[in-house]
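What follows is the residue order along each chain.
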Amino acid sequence: MHRSRSFRRAQRVTSSGRKVIHYRRAKPAMPHCAICSAELNGISMNGGRSRRTNSRVFGGVLCAKCTAEVIKLGSRVEQGEMKLNDVGIKRRAYVLQLLAH
Ligand SMILES: [Zn+2]
């Protein structure tokens, strides 16, 4: 089981001077925005599903800034002010998802 990389390793020296490796479970990582990779706000890794996500559209996937940007671009594409190909490649997938609804 210690070959699994889900365990973090910590080098420790025992009182007898022997070097040992202590294994401990990694804490769950904080979710990051899929576009700008900023840490997502309003999320706690302790507790149930509702604490680990937002109920907003793209909650738990995109940060608030990028969500606003995607919604803005989505409405522009919908109104024909912009072409889908003019949207950056990272945001295009999310704009498409918005338009599909
Ligand atoms: Zn973002």
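Residues numbered from 1 in each chain as written. Predicted model: local features only at pLDDT ≥ 70, side-chain atom pairs only at ≥ 80, totals over all residues. Heavy atoms only, no water.

A. Examining the nonpolar core more closely. Core analysis: the biggest nonpolar cluster contains 14 residues, and Cys-33, Ile-35, Leu-62, Cys-66, Val-70, Tyr-94 and Val-95 have the highest contact counts within it. Elements represented by at least two residues in this core include exactly helix 1 (64-79) and helix 2 (89-100). If one sorts the elements of this core by residue count, helix 1 sits on top with four residues. When residues no more than four places from it in sequence are discounted, the contact partners of Val-95 are Val-70, Leu-73, Gly-74, Val-77, Leu-84 and Val-87. (Core = buried A, V, L, I, M, F, W, Y, C linked by side-chain atoms within 4.5 Å. Buried < 20%, exposed > 50% of the residue type's maximum accessible area, 1.4 Å probe, protein only. Helix = DSSP H or I, 4+ residues; strand = E, 2+ residues; numbered from the N terminus. Contact = heavy atoms within 4.5 Å.)

B. Here's a closer look at the coordination of the zinc ion. Protein coordination of the zinc ion is provided by Cys-33 (SG), Cys-36 (SG), Cys-63 (SG) and Cys-66 (SG), with donor distances spanning 2.3 to 2.4 Å. For the zinc ion, the four donor atoms are set out with angles of 102 to 115° between them, so the coordination reads as tetrahedral. For Cys-33, a relative accessible area of 4% gives the class buried. (Donors = N, O, S within 2.8 Å, 3.2 Å for Na, K, Ca; no water. Tetrahedral: all angles 85-135°; square planar, octahedral: opposite > 155°, others 65-115°.)

C. Structural detail: the packing of aromatic side chains. Taken as a whole and judged by the stated rule, the model has one aromatic pair. Aromatic pair Phe-58 and Tyr-94: ring centres 5.5 Å apart, planes at 90°, arrangement edge-to-face. Taken as a pair, Phe-58 in the loop between strand 2 (19-25) and helix 1 and Tyr-94 in helix 2 lie far apart in primary sequence, 36 residues in all. By relative accessible area, which is 10% here, Phe-58 ends up buried. Here the guanidinium or amino end of Arg-25 rests over the ring plane of Phe-7, the centre of that ring lying 4.5 Å away. (Phe/Tyr/Trp six-rings, centres within 6.5 Å; stacked < 30°, edge-to-face > 60°. Lys NZ or Arg CZ within 6 Å of the ring centre and 35° of its normal.)

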